[in-house]
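A look at the structure
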2 protein chains.
Amino acid sequence: MHRRVINFIKKLDHFILMLSLIKWFFLSSIVGCVMGILSALFLKSLKLATDLRELNPWLLFLLPFAGAFVSFLYSRYGKNSAKGNNLIIEQAYYGDREIPLRMSVLVFLGTFLTHLFGGSAGREGTAVQMGGSVSEFIGRLFKLDKHDMKIILMCGISSGFGSVFGTPLAGTIFAVEVIAIGYMHYEALIPSFMSAFIGDYVATLVGATHSHYHIYSVPAVTPINVIKVIVAAAIFGIMSIIFSEGVHISKSLFNRITKNAVLKSFIGGCMVILLTYIFDTREYLGLGLPMIKAAFDGHVPKYSFILKTLFTSVTLGAGFQGGEVTPIFFVGSTLGNILSNILLLPASFLAALGLISVFCGATNTPISSFILGIEMFGSHGVVFMFIACIVSYLFSGHYGIYTSQRVYKSKS
Amino acid sequence: MHRRVINFIKKLDHFILMLSLIKWFFLSSIVGCVMGILSALFLKSLKLATDLRELNPWLLFLLPFAGAFVSFLYSRYGKNSAKGNNLIIEQAYYGDREIPLRMSVLVFLGTFLTHLFGGSAGREGTAVQMGGSVSEFIGRLFKLDKHDMKIILMCGISSGFGSVFGTPLAGTIFAVEVIAIGYMHYEALIPSFMSAFIGDYVATLVGATHSHYHIYSVPAVTPINVIKVIVAAAIFGIMSIIFSEGVHISKSLFNRITKNAVLKSFIGGCMVILLTYIFDTREYLGLGLPMIKAAFDGHVPKYSFILKTLFTSVTLGAGFQGGEVTPIFFVGSTLGNILSNILLLPASFLAALGLISVFCGATNTPISSFILGIEMFGSHGVVFMFIACIVSYLFSGHYGIYTSQRVYKSKS
């Protein structure tokens with residue numbers, strides 16, 4: 001009798017699971033469709049901003065004003081939008097915050113202006129924030145409960161990340177892995193994937209394109225090569241700390257100078273102009289995609305990873321909008337390229353490992369970084385990618401770019 | 001001041017993390033080396049058993065006696081070894097069980113005899129149990145505390161799985177994912193990988209070889225193909241329930257016939273002989289690797305997946321030793337092959353999806369199954385593999401082959 005009751009409950013349980021699938025198929029698809037279109041628009045606008053800036057170098061001189069303007073909008077109309085990615089992570093963790101829909105408009109516009117006028121920043125922050133605020137809005141529309149609100153938020157994150165980078169699987173795992181260090185939200189795995197997959201599909205349909213990088217040669221799995229990769233990954237892990245702390249320290253330095261957000265961004269914009277003329281290069285403005293390509297295909301300046309960290313720290317520390325991930329890809333791949341000369345490993349191979357493992361160290365998402373590697377570079381050298389991710393994960397300790405990320409389980 | 005203390009603690013924390021790495025490098029390497037050698041020996045002995053059985057068909061008639069003999073050994077000398085994989089999972093979850101070292105000897109011998117005399121079973125159970133009991137022994141040797149004992153146990157599981165299948169990454173994730181449904185033990189990720197990697201490396205060095213299967217063609221990611229794959233994966237998920245419940249029901253039926261383990265195995269052995277002559281085929285005895293190969297390269301009998309489930313349910317239900325995973329690979333790949341004619345998708349493609357997704361449904365390890373797919377088949381068709389794994393994961397509900405597996409988080 002007892003066994004029969006258990007079996008009945010198990011079957012009921014199974015039935016509920018199937019019903020919940022239908023619900024989430026519906027909700028995830030909406031989030032995915034909206035985010036797919038938004039991401040495609042966003043990517044096209046970034047392309048436009050970059051092209052315009054390269055055609056009109058004088059735009060850089062307006063950067064302080066653009067920054068001041070965006071910071072003014074944030075402080076006037078943004079509510080708590082200025083908390084950025086951390087707000088999204090907190091909401092997915094605690095579920096008692098409020099994400100205003102206007103966040104998506106502000107961050108879209110803000111990032112566009114950052115890139116148009118030459119700030120050094122990325123895209124993932126914008127995608128995640130757009131995804132977060134749009135999905136929160138959709139969740140409120142359907143009056144979801146607290147538990148489901150957290151899940152739909154992860155759908156927003158996954159579809160934003162997945163469609164902006166063209167990597168739906170990494171987007172999926174990123175969303176369920178990034179909320180807390182050492183924890184994966186399995187219950188959101190399927191909704192999160194549906195959103196990411198549909199988001200990426202729709203974005204591609206609408207005309208979004210992504211950069212492609214190639215590993216030209218993978219060394220054999222020998223003890224010496226494994227040791228070399230471990231050494232490289234440890235350096236990548238430490239680099240991820242330097243990058244994350246660079247942004248954090250820059251933020252608190254700007255805070256010491258002034259509490260006024262508008263002034264802060266203005267000063268930051270001036271400093272970016274200054275840096276551009278001190279180092280006499282425009283290669284560190286904007287996304288820096290050509291340099292990432294060069295890290296795979298040829299040579300890069302020796303100190304490129306340091307300069308990119310500096311430019312990005314100033315830009316983001318001063319309150320400009322944009323993400324950290326593309327700069328992280330830049331720093332990781334260029335550092336990998338440079339290390340390849342010392343460790344005598346193929347440049348494109350170490351550039352790829354650098355890209356995923358600095359990302360891993362900075363976001364504390366080892367499985368997602370590993371899958372990002374597979375989606376971007378294929379499965380050749382898969383063991384090395386795994387080693388690079390977990391070593392960097394370990395070496396980065398509990399540091400990272402998201403200060404709201406909680407430590408669920410210590411790393412070892 | 002407060003901030004400085006936090007920073008100091010963070011740095012200390014980081015230092016401890018690094019020290020713990022050295023400790024685990026040492027412990028994981030020992031587990032990995034021992035398991036690598038054991039796995040290689042085990043694989044070679046299985047090859048020998050299979051060859052001998054194929055050369056001497058009359059050996060099948062001794063199956064009842066072999067089963068009775070092994071069950072006698074277990075009941076006389078086994079302590080709680082008969083609980084098998086479930087004991088390992090319970091110990092990794094609760095940490096208050098005891099795994100006797102003799103388990104490894106018994107399960108090795110028992111599985112060898114199962115395959116020598118023609119029982120239908122697999123290898124992973126044996127590998128996991130050897131890994132579990134050996135690592136528990138090593139842990140006791142170094143007087144590890146309860147927390148570390150759980151981690152070293154996962155090292156045992158990962159190195160056993162990784163070295164027996166030649167898939168160190170899937171082994172790593174399997175160990176940290178299998179203990180509870182919907183939970184990943186991140187804190188064991190790095191030790192678990194080190195053991196699996198070294199285990200696989202040593203096993204290969206000592207001469208272990210693995211079967212290779214190929215996907216010959218991957219369809220394009222179109223809506224219609226995605227729907228087809230979802231349908232197939234749902235069927236694979238349901239098939240995984242049928243397989244798991246088949247083994248469980250067979251176990252309870254045998255229990256109803258007699259409580260005497262020796263007699264039970266004897267009767268089970270007779271039934272396998274009977275089944276062999278009723279269906280007039282020996283293709284379902286042992287591991288069945290040739291049929292798995294055929295599922296990728298050609299055609300398989302229409303009811304092969306049902307017959308394999310039947311043969312395996314009887315064998316394992318009667319208390320024979322051996323794992324479930326190779327039969328699961330058999331069932332999944334042959335079912336995939338058969339579905340390919342109905343769904344009009346390439347046979348090798350659906351065979352691969354069937355292999356990983358029936359495994360996923362039966363073990364409730366979606367990330368590990370996905371990575372297994374990448375390690376076995378490469379990254380071509382990676383999105384389809386992910387879809388197959390999570391759909392099957394969902395459709396299998398909270399059913400599975402490991403009855404001791406706890407549900408940490410419901411699947412949706």
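**Considerations on the pattern of salt bridges**
All names here are of chain A. Per the counting criterion, the structure on display carries 14 salt bridges over all chains. The salt bridge partner of lysine 293 is aspartate 297, with a shortest N-O separation of 3.7 Å. One end of the pair, lysine 293, and the other, aspartate 297, are both in helix H11 (residues 289-297), four residues apart, so they sit about a helical turn from each other. With a relative accessible area of 38%, lysine 293 lands in the partly exposed category.

**Notes on the environment of arginine 97 of chain A**
Assignment of secondary structure puts arginine 97 of chain A in the loop between helix H3 (85-94) and helix H4 (102-117). In this view, arginine 97 of chain A contacts Leu87, Glu90, Gln91 and Glu136 of chain A; residues no more than four positions away in its chain are not counted.

**Remarks on helix H6 (residues 146-165) of chain A**
Residue and element names in this part refer to chain A. Taking 1.5 Å of rise per residue, the 20 residues of H6 would be expected to cover 28 Å, and the 29 Å separating its terminal C-alpha atoms lies within 8% of that figure. Extensive coverage of H6 is indicated by the burial of 17 of its 20 residues. Looking one or two places after H6, you find glycine 166, whose phi comes out positive at around 70°.

**Focus: the interface of chain B and chain A**
Contact residues are listed per partner, giving 52 residues for chain B and 51 residues for chain A. Applying the counting criterion to the chain B and chain A interface returns zero salt bridges. Here the side of chain B that touches chain A gets nine residues from one element, more than from any other, and that element is helix H1 (residues 2-55) of chain B. Class assignment of the residues belonging to the side of chain B that touches chain A gives a composition of 33 nonpolar, twelve polar and seven charged.

**Concerning the nonpolar core**
The biggest cluster of nonpolar side chains holds 281 residues, and the ones touching the most others in it are Ile367 and Phe370 of chain A together with Ile367 and Phe370 of chain B. If sequence neighbours within four positions are ignored, phenylalanine 370 of chain B has contacts with Leu169 and Ile371 of chain A together with Val382, Met385, Phe386 and Cys389 of chain B.

**Looking at the packing of H11 of chain A against helix H13 (residues 325-343) of chain A**
Axis angle and axis distance: for two packed helices, these are the angle between their axes and the distance between the axes, and together they describe the pair. Residues and elements named next belong to chain A. Across the interface, H11 lies against H13 with an axial gap of 9 Å and an inter-helix angle of 30°. The angle between H11 and H13 falls in the class roughly parallel. Two packed elements cross with a definite hand, and for H11 against H13 that hand is left-handed. The residues of H13 that touch H11, namely those facing Leu289, Met291, Ile292, Ala294, Ala295 and Phe296, are Thr326, Phe329, Phe330, Ser333, Thr334 and Asn337. Class assignment for the residues of the contact of H11 with H13 results in eight nonpolar, four polar and no charged.

**Re the relation of the copies chain B and chain A**
Mapping chain B onto chain A calls for a screw motion: a turn of 180° about the axis and a shift of 0.0 Å along it, with 0.0 Å RMSD after fitting. What we have between these two chains is a two-fold relation. When C-alpha distances to the rotation axis are compared across chain B, the minimum falls at serine 379 of chain B, with a value of 2.5 Å. An overlap of 98% is found between the interface residues of chain B and their copies at the interface of chain A, pointing to a shared contact surface.

**Quick look at the packing of aromatic side chains**
Evaluated as defined, the whole model comprises 47 aromatic pairs over all chains. Centroid distance phenylalanine 349 of chain A to phenylalanine 384 of chain A: 5.3 Å. Interplanar angle 80°. Geometry classified as edge-to-face. Placement of phenylalanine 349 of chain A in helix H14 (residues 347-363) and of phenylalanine 384 of chain A in helix H16 (residues 382-395) is noted, with a sequence separation of 35 residues between them. Each member of the pair, phenylalanine 349 of chain A as well as phenylalanine 384 of chain A, is classed as buried. Measuring from ring centre to ring centre gives 6.5 Å for tyrosine 393 of chain A and tyrosine 186 of chain B, while their planes differ by 45°; the resulting arrangement is tilted.

**Details of the confidence of the model for chain A**
Regions with low pLDDT carry predicted coordinates that are not meant to be interpreted in detail. In this model, chain A carries a mean pLDDT of 93, and residues with pLDDT of at least 70 account for 99%. In the model of chain A, strand S2 (residues 406-407) of chain A stands out as the element of lowest mean pLDDT, 82, in contrast to H13 of chain A, which has the highest, 97.

**Describing the side chain of asparagine 337 of chain B**
Residues and elements named next belong to chain B. Along the chain, asparagine 337 turns up in helix H13 (residues 325-343). On the accessibility criterion, asparagine 337 (2% relative accessible area) is buried. Once residues lying within four places of it in the same chain are set aside, the contact partners of asparagine 337 are Ala294, Ala295, Gly298, His299, Val300, Ala347 and Ala351.

**Brief notes about unusual backbone geometry**
Phi angles above zero are rare outside glycine, and leucine 344 of chain A is one such case at about 55°. Structurally, leucine 344 of chain A is set in the loop between H13 and H14. The backbone phi angle of lysine 143 of chain B is positive, close to 50°, even though this residue is not glycine. Mapped onto the elements of the fold, lysine 143 of chain B is located in the loop between helix H5 (124-141) and helix H6 (146-165).

**Considering helix H15 (residues 366-377) of chain A**
Residues and elements named next belong to chain A. When the terminal C-alpha atoms of H15 are compared, their 16 Å separation across twelve residues agrees well with the 16 Å that a helix rising 1.5 Å per residue should span. Counted residue by residue, H15 has ten buried out of twelve residues, so it is predominantly covered. Listing the buried residues of H15 in full gives Pro366, Ile367, Ser368, Ser369, Phe370, Ile371, Leu372, Gly373, Ile374 and Phe377. Residue glycine 378 follows H15 closely and has a positive phi angle near 80°.

What counts and how
- Residues numbered from 1 in each chain as written.
- Chains lettered and ligands numbered in written order.
- Predicted model: local features only at pLDDT ≥ 70, side-chain atom pairs only at ≥ 80, totals over all residues.
- Heavy atoms only, no water.
- Salt bridge = Lys/Arg side-chain N within 4 Å of Asp/Glu carboxyl O.
- Helix = DSSP H or I, 4+ residues; strand = E, 2+ residues; numbered from the N terminus.
- Buried < 20%, exposed > 50% of the residue type's maximum accessible area, 1.4 Å probe, protein only.
- Contact = heavy atoms within 4.5 Å.
- Expected span 1.5 Å × (residues − 1).
- Nonpolar A, V, L, I, M, F, W, Y, C, P; charged D, E, K, R; others polar.
- Core = buried A, V, L, I, M, F, W, Y, C linked by side-chain atoms within 4.5 Å.
- Axes fitted to C-alpha atoms, helices over the stretch in contact; angles between N-to-C directions.
- Parallel < 35°, antiparallel > 145°, perpendicular 65-115°, else oblique.
- Left-handed = near helix turned anticlockwise from the far one by under 90°.
- Least-squares fit on C-alpha atoms with pLDDT ≥ 70 in both.
- Phe/Tyr/Trp six-rings, centres within 6.5 Å; stacked < 30°, edge-to-face > 60°.
- pLDDT = per-residue confidence, 0-100.

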